[in-house]
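Here's the letter readout for the chains.
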Amino acid sequence: MADGTGPSPQAASELRKLQSTDRLLRAAERAGFSARLGHGRVVEAARQVLDRYREMVLSGAPAPEPAELERTLLARLEEDARGTLRQVINATGVVIHTNLGRAPLSEETAAAMAHASQGYLSLEYDLEKGTRGDRYRHAEAALCRLTGAEAALAVNNNAAAVLLALAALGEGAAPAEVLVSRGQLVEIGGGFRIPDVLRRSGATLTEVGTTNRTYLSDFEQAAGERTRILLSVHRSNFRLSGFVHEVALPELVGLARARGLWVVDDLGSGTLLETARFGLGAEPTVQERIRAGADLVTFSGDKLLGGPQAGILAGRREAVSVARSHPLLRALRVDKVTLAGLSATLAHYERGEAAERIPVWRAIARSPESLREQVEGWRAMAGAAAMVCEVIEGRSEVGGGSLPEVSLPTSLMAFPPGGADARLARLRRRDPPVIARIEEDRVVLDPRTVLPGEDQAVAAAIAAELR
Ligand SMILES: *Cc1c(COP(=O)(O)O)cnc(C)c1O
């Protein structure tokens, strides 16, 4: 068609060989795709596939066999039917993997969420009085019992919790000033930057101290007429070491009390369990920060808490009450399914079974022996070809912006070196997709994050790779 006069006689004859849309549609119908996807989507896909082949023929390719055309369409429809939000096998060993949906939920949590989503609920309904009730009461008592806080509030996520805390407690001064240590102005994964959130809250930010050293006197000198909040931010995904000084939370609280200011503590991951028990080094627990006197501690529901996506504000009654009556809460509010899941997750902590029942903690708490056995199991299931794979020692990460530079010993299934990127891509294209990682030019699979019931699929993926 280069001269603009239409297809060459040869291309025209090839074009005539292309199947009609009708025939293709009948094939899709027989395979059940009209029922699964709706007729409109099937017609659209058939048109697109035919158009693509037509272009190829016009640029000189021979017409495809009818069987090839059908195969292409059915593969495309299968892909459409799977959708984009798919269950995957996390073989990266990163326990709280934000791109893979963070915390997998406990059976009880998943059941509570399914149950809550399938009927009507006493979400904002007082069954005693038959009047309007309070959505936020459902998780509050458990949060208070577990953290020692006087009051608590759950919102959509921790970014929302920080935004609400600053907007609500900053109210009154226009614009309110928030003081934060320069060494804590961090960016968490996914572009969450404390300075940006602060600006959206309507407050202005004053950085105090230097990147590596901040003293109480820096806060004392900076606190002025418009200052309302002293903010502490957990650095989450990086660590300062060397010539470093930080203001401890109790010192900040002391200054705030003396000057009539609020202390907001963005704890990020917010663990209720002592991380040191699991070989992870010491992380501040929520209980500890509440005890130290923070007015509001904020943390995520789906990091080390191991529950559904949520943000928690826990702390002193007066501070929570100010947040609760702020109009922004309406835009950040948590939904019924999350509340049901959060309550079910918190119940594990109350029963003292969090490390056994919550998948995030179960993954963290796994013994080196059980990890090794699991990898050996894959190798045995994958058959003789898998003997070229090695079982090697490695490290798993907790992830989710918690515990930087802390990792846990694990065993890895390591493929032979070479072609690692291509192998990674093939594993991703499987059903279910297997998400692995590369170490020194070898694709490795970490059993720590492979859930019960997924071993067979992993072994099948290994076998297919070596075939
Ligand atoms: C993860 C994190 C956030 C953001 O929490 P989301 O629940 O993802 O909104 C905010 N602050 C800190 C310190 C964090 O670690």
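All figures in this text were calculated on a predicted structure; none of them were measured in a lab. (Residues numbered from 1 in each chain as written. Predicted model: local features only at pLDDT ≥ 70, side-chain atom pairs only at ≥ 80, totals over all residues. Heavy atoms only, no water.)

A.B. asks: Explain the overall build of the protein to me, and be specific about the residues and the numbers.
C.D. replies: Scanning the protein from terminus to terminus reveals 20 helices and 17 strands. Each principal axis of the C-alpha distribution contributes one length, and for the protein these read about 90 × 55 × 50 Å. Taking as baseline every contact in the protein between residues at least 6 positions apart, the subset at least 24 positions apart corresponds to 75%. When the accessible surface of the protein is summed, it comes to about 22,200 Å², and 50% of that surface belongs to carbon and sulfur atoms. (Helix = DSSP H or I, 4+ residues; strand = E, 2+ residues; numbered from the N terminus. Contact = heavy atoms within 4.5 Å. Areas by Shrake-Rupley, 256 points an atom, 1.4 Å probe, with all protein chains shown as cover.)

A.B. asks: Pulling in residues and values, what's your account of the site of the ligand?
C.D. replies: Around the ligand, the structure places R102, N157, N158, A159, I188, F192, H234, S236, D266, G268, S300 and K303. For the ligand, the accessible surface in isolation is 380 Å², of which the surrounding protein chains cover 94%. Elements that contribute at least two residues to the shell around the ligand include exactly α8 (158–170) and β10 (262–268). Classifying every residue of the shell around the ligand by side-chain character gives three nonpolar, six polar and three charged. (Near = heavy atom within 4 Å. Nonpolar A, V, L, I, M, F, W, Y, C, P; charged D, E, K, R; others polar.)

A.B. asks: Describe the layout of surface pockets, listing the residues and the values that go with them.
C.D. replies: A volume near 1,100 Å³ is recorded for the largest pocket. Taken together, 36 residues form the lining of the largest pocket, with Q87, V88, P104, L451 and E454 sitting closest to its centre. When the residues that make up the lining of the largest pocket are grouped by side-chain class, the tally is 17 nonpolar, nine polar and 10 charged. Looking at which domains feed residues into the lining of the largest pocket, each of domain 2 (89–98 + 362–466) and domain 3 (106–357) gives three or more. (1 Å grid on protein atoms, 1.4 Å probe; cavity = no way out; pocket = protein on both sides within 12 Å on 5 of 7 lines; lining within 4 Å. Points joined across faces, edges and corners; volume = space filled by probe spheres on them. Domains from an automatic or database assignment.)

A.B. asks: Report on the environment of A27, specifying residues and quantitative values.
C.D. replies: As for its position among the elements, A27 is in helix α2 (residues 21–30). As for A27 and L73, which are separated by 46 residues in sequence, their C-alpha atoms are 9.0 Å apart. In this view, A27 contacts E70 and L74; residues no more than four positions away in its chain are not counted.

A.B. asks: Could you give an account of the packing of aromatic side chains, naming the residues involved and the relevant values?
C.D. replies: A complete count under the given rule lists one aromatic pair for this structure. In this arrangement the basic side chain of R213 is found over the ring face of F243, its NZ or CZ atom lying 3.6 Å from the centre. (Phe/Tyr/Trp six-rings, centres within 6.5 Å; stacked < 30°, edge-to-face > 60°. Lys NZ or Arg CZ within 6 Å of the ring centre and 35° of its normal.)

A.B. asks: How would you sum up the sheet that holds strand β8 (residues 204–208)? Please name residues and give values.
C.D. replies: If you walk across this open sheet you meet the seven strands as β4-β12-β11-β10-β9-β5-β8, and the pairing is mixed. Each edge of the open sheet carries a strand with a single partner, namely β4 (151–155) and β8. The mean angle between the axes of side-by-side strands here comes to 25°, regardless of whether they run parallel or antiparallel. By the bridge criterion, five bridges tie strand β11 (residues 296–300) to strand β12 (residues 311–315) in an arrangement that is antiparallel. Pairing of L296 across the sheet is with G315, part of β12. Contacting β4, β5 (177–181), β9 (227–233), β10, β11 and β12, α8 crosses the sheet at an angle of about 160° to β11. (Pairing = 2+ DSSP bridges. Axes fitted to C-alpha atoms, helices over the stretch in contact; angles between N-to-C directions.)

A.B. asks: Hey, could you go over the pattern of salt bridges for me, with residue numbers and the actual values?
C.D. replies: For the structure on display, the rule yields 32 salt bridges. Between E353 and R351 there is a salt bridge whose closest N-O contact spans 2.9 Å. Linking R372 and E393 is a salt bridge whose minimum nitrogen-to-oxygen distance equals 3.2 Å. With R372 in helix α18 (residues 368–382) and E393 in strand β13 (residues 390–397), this residue pair connects regions lying 21 residues apart in the sequence. Classification of R372 by relative accessible area gives partly exposed; the value is 32%. Residue classification places E393 among the exposed residues on the basis of a relative accessible area of 60%. Through salt bridges with shared partners, a single ionic network connects E79, R82, R86 and D431. (Salt bridge = Lys/Arg side-chain N within 4 Å of Asp/Glu carboxyl O. Buried < 20%, exposed > 50% of the residue type's maximum accessible area, 1.4 Å probe, protein only.)

A.B. asks: Just give me the short version of the pairing of β9, but keep the residues and values in it.
C.D. replies: Within β9, six of the seven residues are buried, which leaves the element mostly enclosed by the surrounding structure. Looking at chain direction, β5 and β9 are connected through four bridges and run parallel. Across the sheet, residue V178 finds its bridge partner in β9, namely I229. Both β9 and β10 contribute to a ladder of five bridges, which runs parallel. Counterpart to L231 in the pairing with β10 is V264.

A.B. asks: Explain the domain arrangement of the protein to me, using residue names and the numbers behind them.
C.D. replies: What the domain assignment reports for the protein is domain 1 (9–82), domain 2 (89–98 + 362–466) and domain 3 (106–357). Distance from the C-alpha centre of domain 1 to the C-alpha centre of domain 3: 53 Å.

A.B. asks: Please provide a residue-by-residue account of the sheet that holds strand β16 (residues 437–439), values included.
C.D. replies: On the basis of which strands lie adjacent, the open sheet formed by four strands has the order β13-β14-β17-β16 and antiparallel pairing. With one partner strand each, in any of the chains shown, β13 and β16 form the two edges of the open sheet. Strand-to-strand twist of the sheet, defined as the mean angle between neighbouring strand axes without regard to direction, takes the value 50°. Across eight bridges, the pairing between β13 and strand β14 (residues 407–414) is antiparallel. When the sheet's bridge partners are listed, E397 is paired in β14 with S407. The strands touched by α18 are β13, β14 and β17 (442–445); relative to β14, the strand with the most contacts, the crossing angle is about 15°.

A.B. asks: Before we move on, could you go through the nonpolar core and cite the residues and values that matter?
C.D. replies: Counting 90 residues, the largest nonpolar core has L230, L231, F299, L346, Y349 and I364 as the members making the most contacts within it. Among the elements that take part in this core, α8 stands out by supplying nine residues, more than any other. Other than its neighbours up to four places away in sequence, F299 contacts L143, N158, L267, G268, S269, G270, V286, L305, A310, G311, I312 and A314. Among the nonpolar cores identified, the runner-up in size contains 23 residues, and V375, A382, A420 and V450 belong to it. (Core = buried A, V, L, I, M, F, W, Y, C linked by side-chain atoms within 4.5 Å.)

A.B. asks: I'd like a description of the packing of α18 against helix α20 (residues 455–466), backed by residues and values.
C.D. replies: Between α18 and α20, the shortest axis-to-axis distance is 8 Å and the interhelical angle comes to 55°. Considering the angle they form, α18 stands oblique to α20. Crossing handedness for the pair α18 and α20: right-handed. Side by side, α18 and α20 meet where Q374, W378, M381 and A382 of the first sit next to D455, Q456, V458, A459, I462 and A463 of the second. (Parallel < 35°, antiparallel > 145°, perpendicular 65-115°, else oblique. Left-handed = near helix turned anticlockwise from the far one by under 90°.)

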